[in-house]
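Listed here are the chains, written in short residue letters.
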Amino acid sequence: DVAVAMQGFRKCKEIQRYGCGAIARVLGSSGDENKKSTDKDTGEVVLQVRGSAARLCRKAGGVPAVLHAISTYHDDITLQYYACLAVQVLTSQDDKRKVAVAGGIRFAMRAMQRFAKDRRLQGAAIGVLRCLGMNCIENKNDIAEA
């Protein structure tokens, strides 16, 4: 499992980057059906496995692994981008507050400040804030105060 590998090799930036990318790309979108698509930038075929796969990744420690990566390797724009996407696909309605308290809002805001001119990263970080704030008043207040 990707989350287990990320936890086992916390000091390896490449594994953290590829792990966040794998979680973001494979678990890709909401819904319960699987989907095959083509990445617009690279032309790569991307398989998006949803629903139960996201739950399994959460159970394996995916959220803490991604939050560790985003907090440790804050100078890596690619890792930051994929970590923001991964936080979005891994965060369930039930754990939005836990993710925010663990640093999700702070990390997204820091990524936005650090890479202010990168539109792709800005969109991904805004997606984290939107995901964490939706239907969670405590998180909305934290985002407003950040």
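Here the structure is shown first, and the text comes after it.
Described in the following lines is the structure provided in the data block. Note on numbering: residues in each chain are counted from 1, in written sequence order. Local features in this predicted model are restricted to residues whose pLDDT is 70 or higher, and side-chain atom pairs enter the listing and the counts only when it is 80 or higher, whereas totals over whole chains, interfaces and linings include all residues. Based on all heavy atoms of the structure, the side-chain values leave hydrogens and waters out of the count.

### Some points on helix α5 (residues 77-90)
Here comes step 1: The numbering of helices and of strands both runs from the N terminus, where a helix is a DSSP run of H or I of at least 4 residues and a strand a run of E of at least 2. The span expected for a helix works out to 1.5 Å for each residue beyond the first. Across its 14 residues, α5 extends 20 Å between first and last C-alpha, which sits within 8% of the 20 Å expected from 1.5 Å per residue.
Here comes step 2: Counting buried residues along α5, ten of its 14 residues qualify, which places the element largely inside the surrounding structure.
Here comes step 3: Relative accessibility under 20% of the residue-type maximum defines a buried residue, over 50% an exposed one, and the middle range a partly exposed one, all with a 1.4 Å probe and only protein chains included. For α5, every residue scored as buried is listed here: Leu79, Gln80, Tyr81, Tyr82, Ala83, Cys84, Ala86, Val87, Val89 and Leu90.

### Section: the packing of helix α8 (residues 119-133) against helix α9 (residues 137-145)
Here comes step 1: Here the axes come from fitting lines to C-alpha atoms, over the contacting stretch only for helices, and the angles between their N-to-C directions go from 0 to 180 degrees. Taken N-terminus to C-terminus, the directions of α8 and α9 make an angle of 145°; their axes are 8 Å apart at the nearest point. Facing α8, whose interface residues are Leu129, Leu132 and Gly133, α9 presents Asn139, Lys140 and Ile143. By the convention used here, residues are in contact when the closest approach between their heavy atoms is within 4.5 Å.

### Thoughts on the pattern of salt bridges
Here comes step 1: Any Lys or Arg side-chain nitrogen located within 4 Å of an Asp or Glu carboxyl oxygen qualifies as a salt bridge. Here the structure, examined in full by the defined rule, presents three salt bridges.
Here comes step 2: Notably, a salt bridge pairs Asp75 with Lys13, separated by 3.6 Å at the nearest N-O pair. Within this pair, whereas Asp75 is found in the loop between α4 (62-72) and α5, its partner Lys13 is found in helix α2 (residues 13-27), the two being separated by 62 residues in sequence.
Here comes step 3: Assessed through its relative accessible area of 46%, Asp75 is described here as partly exposed.
Here comes step 4: Judged by relative accessible area, which is 23%, Lys13 ranks as partly exposed.
Here comes step 5: Between Arg97 and Asp142 there is a salt bridge whose closest N-O contact spans 2.6 Å. In this pair, Arg97 sits in helix α6 (residues 96-101) while Asp142 sits in helix α9, placing the two residues 45 residues apart along the sequence.
Here comes step 6: On the basis of relative accessibility, which here comes to 31%, the residue Arg97 falls in the partly exposed class.

### Some words on the side chain of Asp76
Here comes step 1: The residue Asp76 is located in the loop between α4 and α5 in this model.
Here comes step 2: N or O atoms within 3.5 Å of each other form a polar contact, as long as, within protein, one can give a hydrogen and the other can take it, and as long as residues adjacent in sequence are counted only when both atoms are side-chain atoms. A distance of 2.6 Å separates polar atoms of two side chains, one belonging to Asp76 and the other to Arg17.
Here comes step 3: Among residues more than four places away in sequence, those in contact with Asp76 are Lys13, Arg17 and Phe115.

### Things to note about the packing of aromatic side chains
Here comes step 1: Each aromatic pair joins two rings of Phe, Tyr and Trp (for Trp, the six-membered one) with centres within 6.5 Å, and gets the label stacked for planes under 30 degrees apart, edge-to-face for over 60, and tilted for any other angle. Throughout the structure, instances matching the rule amount to one aromatic pair.
Here comes step 2: Geometrically, the ring pair formed by Tyr81 and Tyr82 is tilted, given 5.2 Å between the ring centres and 55° between the ring planes.
Here comes step 3: When its relative accessible area of 16% is taken as the criterion, Tyr82 is described as buried.
Here comes step 4: Of note, Arg120 hangs over the ring of Tyr81, and the distance from its end group to the ring centre comes to 3.9 Å. Either the NZ atom of lysine or the CZ atom of arginine qualifies as a charge over a ring when it sits within 6 Å of the ring centre and within 35 degrees of the ring normal.

### Some details on the environment of Cys84
Here comes step 1: Inspection of the secondary structure assignment puts Cys84 in helix α5.
Here comes step 2: On the basis of relative accessibility, which here comes to 0%, the residue Cys84 falls in the buried class.
Here comes step 3: Considering only alpha carbons, one finds Cys84 and Gly123, 39 residues apart in sequence, at a separation of 9.2 Å.

### So, the packing of α4 against α5
Here comes step 1: Contact pair α4 / α5: the axes reach a minimum separation of 9 Å and the direction vectors enclose 155°. Accordingly, the angle class assigned to the pair α4 and α5 is roughly antiparallel. At the point where α4 passes α5, the crossing takes the left-handed sense. Packed against α4, whose contacting residues are Gly62, Val63, Val66, Leu67, Ala69 and Ile70, the element α5 presents Leu79, Gln80, Ala83, Cys84, Ala86, Val87 and Leu90 at the interface. Our angle categories are set so that under 35 degrees counts as roughly parallel, over 145 as roughly antiparallel, 65 to 115 as roughly perpendicular, and the remainder as oblique. Definitions for this section: a left-handed crossing has its near helix turned counterclockwise from the far helix by less than a right angle. A right-handed crossing has that turn clockwise.

### With respect to the side chain of Arg17
Here comes step 1: Considering the arrangement of structural elements, one finds Arg17 in helix α2.
Here comes step 2: With residues near it in sequence (within four places) discarded, Arg17 still touches Asp76, Thr78 and Leu79.

Remember, this is a structural readout, not a statement about activity or role.
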